[in-house]
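Each chain is listed here by its residues.
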Amino acid sequence: MREPVLVPRLQPFTSTIFAEMTALAVRHEAVNLGQGFPDTDGPAGMLDAAKNALFGGANQYPPSPGRPELRAAIARHRLRYGVEYDPGTEILVTAGATEAIAASLIALTQAGDEVIVIEPYYDSYAAAVAMAGAERRVVGLVERDGRFALDVEGLRAAVTDRTRAILVNSPHNPTGTVFTRAELEAVAALCVKHDLIAITDEVYEHLVFDDAEHFPLATLPGMRDRTVSISSAGKTFNCTGWKIGWVCASPELVAAVKAAKQFITFVSGGPLQPAVAHALDHELPWAEELRTSLQGKRDRLAAGLAEAGFAVRPTAGTYFICVDVRPLGFADAAELAWELPERVGVAAVPVKVFTDHPDEWKHLLRFAFCKRNEVIDEAVSRLRKLR
Ligand code: PMP
Ligand code: GLN
């Protein structure tokens, strides 16, 4: 066989940092604050609804755009932001946000197109742009006024006559930044001016803290019909393994994304779809409690990391907190991340793996706080030994 067998455009993507760090955590029995997944279950009513669907015969292919009651529930949920979507033509259920992002890029961009991606970026974006055959153009967040801010000037400078789409993730993984209305207005202005498609990753839409607020880009003037709004149930209802995600967009954009999606998975998660419909309709109070509890966990882990000697960056949303490792005498957070499970029994993820500019981001390490308090406390007590 010819070597290597993997096509060049996918060669940079042979493994994921999450799989690698979780494997390392398991090997060393480390507390895993690397991969972001909760260690408690979602609302009991949602789990019951899944059980009832599973034993109630919902085990064959759902309709290709998703079960009608789930699409209706997604439309009702989206209405909370004041944007109306027709469940018949403007909503598509996907295998998590990951498939929604990949299918959108495959359907809407191709060789010769550029996709603007904000750095650091969730790892699947680069791989999905590559699968589409397009090219990514990254614009880095900048540390300003005590937060990671959008570099609006940089964004303007990144648009070329080949730019087709911009991928916007807020609340943002890995930094925990939540874009302000002014930042999103700047993105919207660029999209309108240059006739760009926006693809938004809003999987942490409910997980915003303090006075931060999530604004869907699609709510801004001129954006509804050029935005593919993507979210998923995993983070809102502690069911990251269910992989029920969705796309809300104009009929033209949804039809395009569906053209790709239907030949990737066709459909998935049949009996889980009615359970997520139940959750969107009835379990948002549960999600609000989750939000409050996560805010407390953020504070708990932030205080512990500061005590352990890291310089903690603020986080306004998501599961994640970033720290600067330099005050502890380390120059490269990735070197530390690879040693950490064996050395003190904690796993974390280096931010530079989510970038095209590793030197600029090498001092930052990401910890997940979506864990039980005793797990966070154990991690902190282990990390104190680093001094
Ligand atoms: N986008 C971001 C920013 C994420 O952090 C994640 C995963 N945690 C995903 C997308 C993937 O979502 P899903 O599990 O629904 O595919
Ligand atoms: N989104 C999760 C994180 O950022 C992990 C998802 C995955 O393992 N692919 O940690």
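Along every chain, residues carry numbers that run from 1 in the direction the sequence is written. Starting at A for chains and at 1 for ligands, labels are handed out in the order in which the entities are written. In view of the model being predicted, local features appear only for residues whose pLDDT reaches at least 70, and side-chain atom pairs are presented and counted only at 80 or more, with totals across whole chains, interfaces and linings using the full set of residues. Remark: hydrogens and water are excluded; side-chain values derive from all non-hydrogen atoms of the structure.

J.: Which parts of the structure should I look at to understand a nonpolar patch on the surface?
T.: Residues Ile106, Met131 and Ile264 make up a contiguous nonpolar surface patch of about 250 Å² in total accessible area. Here a strand is any run of E in DSSP of at least two residues, a helix any run of H or I of at least four, and the numbering for each starts at the N terminus. Relative to the assigned elements, Met131 resides in helix H5 (residues 123–132). A residue counts toward a patch only above 30% relative accessible area and without a salt bridge, and it is joined to like-charged neighbours within 9 Å or, for Val, Leu, Ile, Met, Phe, Trp and Tyr, to nonpolar neighbours within 5 Å. Methods summary: accessible areas were calculated by the Shrake-Rupley approach with a probe of 1.4 Å, and residue burial reflects only the protein chains presented. The salt bridge criterion pairs a side-chain nitrogen of Lys or Arg with a carboxyl oxygen of Asp or Glu, the two atoms within 4 Å.

J.: I'm lost on the nonpolar core in this one. Help?
T.: Note on soluble globular proteins: their nonpolar side chains tend to be buried together. We define the nonpolar core as a collection of buried residues of types Ala, Val, Leu, Ile, Met, Phe, Trp, Tyr and Cys that are connected through side-chain atoms lying within 4.5 Å of one another. Think of it in three bands: residues with accessible area under 20% of the maximum for their type are buried, residues over 50% are exposed, and the middle band is partly exposed, with areas taken using a 1.4 Å probe on protein chains only. Counting residues in hydrophobic clusters, the biggest one holds 73 residues, and the most contacted among them are Phe310, Leu365, Phe367 and Leu383. It is helix H4 (residues 96–108) that provides the largest number of residues to this core, a total of 7 residues.

J.: Got a minute to help me understand the side chain of Ser104 in this structure?
T.: Assignment of secondary structure puts Ser104 in helix H4. The contact rule is simple, with two residues in contact once any of their heavy atoms fall within 4.5 Å. Residues in contact with Ser104, not counting those within four places in the same chain, are Thr109, Ile199, Val228, Ile230 and Val257.

J.: So what exactly am I meant to see when it comes to the packing of helix H1 (residues 17–27) against helix H12 (residues 333–343) here?
T.: In helix packing, the relevant descriptors are the interaxial angle and the interaxial distance, both defined with respect to the helix axes. Running from amino to carboxyl end, H1 crosses H12 at an angle of 25 degrees, the nearest separation of the two axes being 9 Å. In terms of orientation, H1 and H12 fall into the roughly parallel class. From H1, Ile17, Glu20, Met21 and Leu24 reach across to H12, where they touch Ala337, Trp338 and Pro341. Gly counts as polar in this scheme, as do all residues outside two lists: the nonpolar Ala, Val, Leu, Ile, Met, Phe, Trp, Tyr, Cys and Pro, and the charged Asp, Glu, Lys and Arg. Considering only residue class, the contact of H1 with H12 consists of 6 nonpolar, no polar and 1 charged. Think of each axis as a best-fit line through the C-alpha atoms, taken over the contacting stretch in the case of a helix, with angles from 0 to 180 degrees between the N-to-C directions. We call two directions roughly parallel when the angle between them is under 35 degrees, roughly antiparallel when it is over 145, roughly perpendicular when it lies between 65 and 115, and oblique otherwise.

J.: How should I be thinking about the site of ligand 1 in this particular structure?
T.: Nearness of a residue to a molecule or strand requires only that one of the residue's heavy atoms be within 4 Å of it. All residues in the neighbourhood of ligand 1 are listed as Gly96, Ala97, Thr98, Tyr122, Asn169, Asn173, Asp201, Val203, Tyr204, Ser232, Lys235 and Lys243. Here Ala97 contributes a backbone N or O atom positioned 2.8 Å from an oxygen atom of ligand 1. In the model, an oxygen atom of ligand 1 is placed 2.6 Å from a nitrogen or oxygen of the Thr98 side chain. Computed on the free molecule, ligand 1 has an accessible area of 400 Å², of which 93% lies beneath the protein chains in the complex. The element best represented in the shell around ligand 1 is H4, accounting for 3 residues. Counted by class, the shell around ligand 1 contains 4 nonpolar, 5 polar and 3 charged residues. Identification of polar contacts relies on pairs of N or O atoms within 3.5 Å, with a donor-acceptor requirement for protein atoms, meaning one able to donate a hydrogen and the other able to accept it, and with residues adjacent in sequence counted only if both atoms are side-chain atoms.

J.: What's the story with the sheet that holds strand E11 (residues 311–312) in this structure? I'm lost.
T.: Backbone-to-backbone hydrogen bonds join strands into a sheet, with any given pair of strands oriented parallel or antiparallel. Spatially, the 4 strands line up as an open sheet ordered E11-E12-E15-E14, and their pairing is antiparallel. Strand pairing shows two members of the sheet lacking a second neighbour, E11 and strand E14 (349–350), which therefore form its edges. Should DSSP find at least two bridges between two strands, the strands are taken to pair. With 2 bridges connecting them, E11 and strand E12 (residues 320–324) associate as antiparallel partners. Opposite Ala311, over in E12, you have Asp324 as the bridge partner.

J.: Would you mind going over the UniProt feature "domain: Aminotransferase class I/classII large" (unreviewed entry) in the protein chain with me for this structure?
T.: Here, UniProt's "domain: Aminotransferase class I/classII large" (unreviewed entry) annotation points to residues 30–383. Secondary structure within residues 30–383 divides into 41% helix and 18% strand; the distance between the first and last C-alpha atoms comes to 11 Å. UniProt positions are given in the numbering used here, feature names are shortened, and annotations may be inferred rather than shown by experiment.

J.: Would you mind showing me how to read the environment of Ala73 here?
T.: Along the chain, Ala73 falls in helix H3 (residues 68–78). For the pair formed by Ala73 and Glu289, sequence separation is 216 residues and the distance between their alpha carbons is 20 Å. In contact with Ala73, other than residues within four places in its own chain, are Ala277, Leu280 and Asp281.

J.: In this structure, what is going on with the sheet that holds strand E4 (residues 135–140)? I would like to understand it.
T.: Pairing is mixed in the open sheet, where 7 strands are placed in the order E2-E10-E9-E8-E7-E3-E4. Edge positions in the sheet fall to strand E2 (91–95) and E4, since each of these pairs with one other strand and no more. The average undirected angle you get between the axes of adjacent strands in this sheet is 25 degrees. Bridge count for strand E8 (residues 197–201) against strand E9 (residues 227–232) is 4 bridges, and the pairing is parallel.

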